[in-house]
Amino acid sequence: MTVDVTTKLNPGAIIKILRKDRGYSLRELANEAGITASYLSKLENDINTDISLAVFSMLCRALNANPKIFLDEDLQSKLMHPMDLHDFFLMQELHYNGSPLTSEQKEVMLAAIINSLTDE
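Procedures and definitions
Residues numbered from 1 in each chain as written. Predicted model: local features only at pLDDT ≥ 70, side-chain atom pairs only at ≥ 80, totals over all residues. Heavy atoms only, no water. Helix = DSSP H or I, 4+ residues; strand = E, 2+ residues; numbered from the N terminus. Buried < 20%, exposed > 50% of the residue type's maximum accessible area, 1.4 Å probe, protein only. Phe/Tyr/Trp six-rings, centres within 6.5 Å; stacked < 30°, edge-to-face > 60°. Salt bridge = Lys/Arg side-chain N within 4 Å of Asp/Glu carboxyl O. Arc of directions from axis to C-beta. Contact = heavy atoms within 4.5 Å.

Enquirer: A description of the environment of Glu-107 should follow, citing residues and the corresponding values.
Expert: Positionally, Glu-107 belongs in helix α7 (residues 103-118). In this structure Glu-107 comes out as partly exposed when scored by relative accessible area, which is 35%. Separated by 21 residues in sequence, Glu-107 and His-86 place their C-alpha atoms 8.1 Å apart.

Enquirer: Break down unusual backbone geometry for me, with residues and values.
Expert: The backbone phi angle of Asn-64 is positive, close to 50 degrees, even though this residue is not glycine. Among the secondary structure elements, Asn-64 is positioned in the loop between α4 (53-63) and α5 (73-79). In this structure, Asn-97 is a non-glycine residue whose phi angle is positive, near 50 degrees. Summarising the element assignment, Asn-97 is placed in the loop between β1 (95-96) and β2 (99-100).

Enquirer: Which residues make up the packing of aromatic side chains, and what values go with them?
Expert: On inspection of all chains with the given rule, the structure shows 1 aromatic pair. Between the aromatic rings of Phe-56 and Phe-70, the centroid separation amounts to 4.9 Å while the plane-to-plane angle is 70 degrees, which identifies the pairing as edge-to-face. With Phe-56 in helix α4 and Phe-70 in the loop between α4 and α5, this residue pair connects regions lying 14 residues apart in the sequence. Exposure remark for Phe-70: the relative accessible area of 10% places this residue in the buried category.

Enquirer: Requested: an account of the pattern of salt bridges, with residues and values cited.
Expert: Under the definition given, this model contains 2 salt bridges. Measuring nitrogen to oxygen at the nearest pair gives 2.6 Å for the salt bridge that ties Glu-44 to Arg-19. You can see Glu-44 sitting in helix α3 (residues 37-44) and its partner Arg-19 sitting in helix α1 (residues 11-22), a full 25 residues away along the chain. In this structure, Glu-44 and Arg-19 share a single accessibility class: buried. Note that Arg-22 and Asp-21 form a salt bridge whose closest N and O atoms lie 3.0 Å from each other. Of the residues examined, Arg-22 reaches a relative accessible area of 26% and is grouped as partly exposed.

Enquirer: Would you mind going over helix α2 (residues 26-33) in detail, with residue names and values included?
Expert: Along α2, the positions that sit buried rather than exposed are Leu-29, Ala-30 and Ala-33. The buried residues of α2 occupy one face: seen down the axis, they fall within an arc of 100 degrees. With respect to the buried face of α2, the exposed residues turned more than 90 degrees away are Arg-27, Asn-31 and Glu-32. Looking at the buried positions of α2, the neighbouring elements they touch are α1, α3 and α4. Immediately beyond the C-terminal end of α2, within one or two residues, lies Gly-34, with a positive phi of roughly 75 degrees.

Right under this line is the structure:
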């Protein structure tokens, strides 16, 4: 018998995981997103779950995170476990000179990185 257990992270937990993963302090991310550190702390700790679309958008932009991460449980599960480099690249919203990279551009970039890692 198998049991399928899924855990959906609340938005605050996702923000906190992404913030730490990106190396931001609470204050740094708050400044980057244009909100107070107190408000961000309340969001992260699920004390205040009231978030506007504008603030959500600013946080995603500051964290360079695809908003899908907040809705997709498969993507969320990867936050809690080591992630394959290929999956990581495809999940991220990457930009160059202000324009988002396409999936094909991400694949080329990933190939170059992998080649540089395997060249001895």
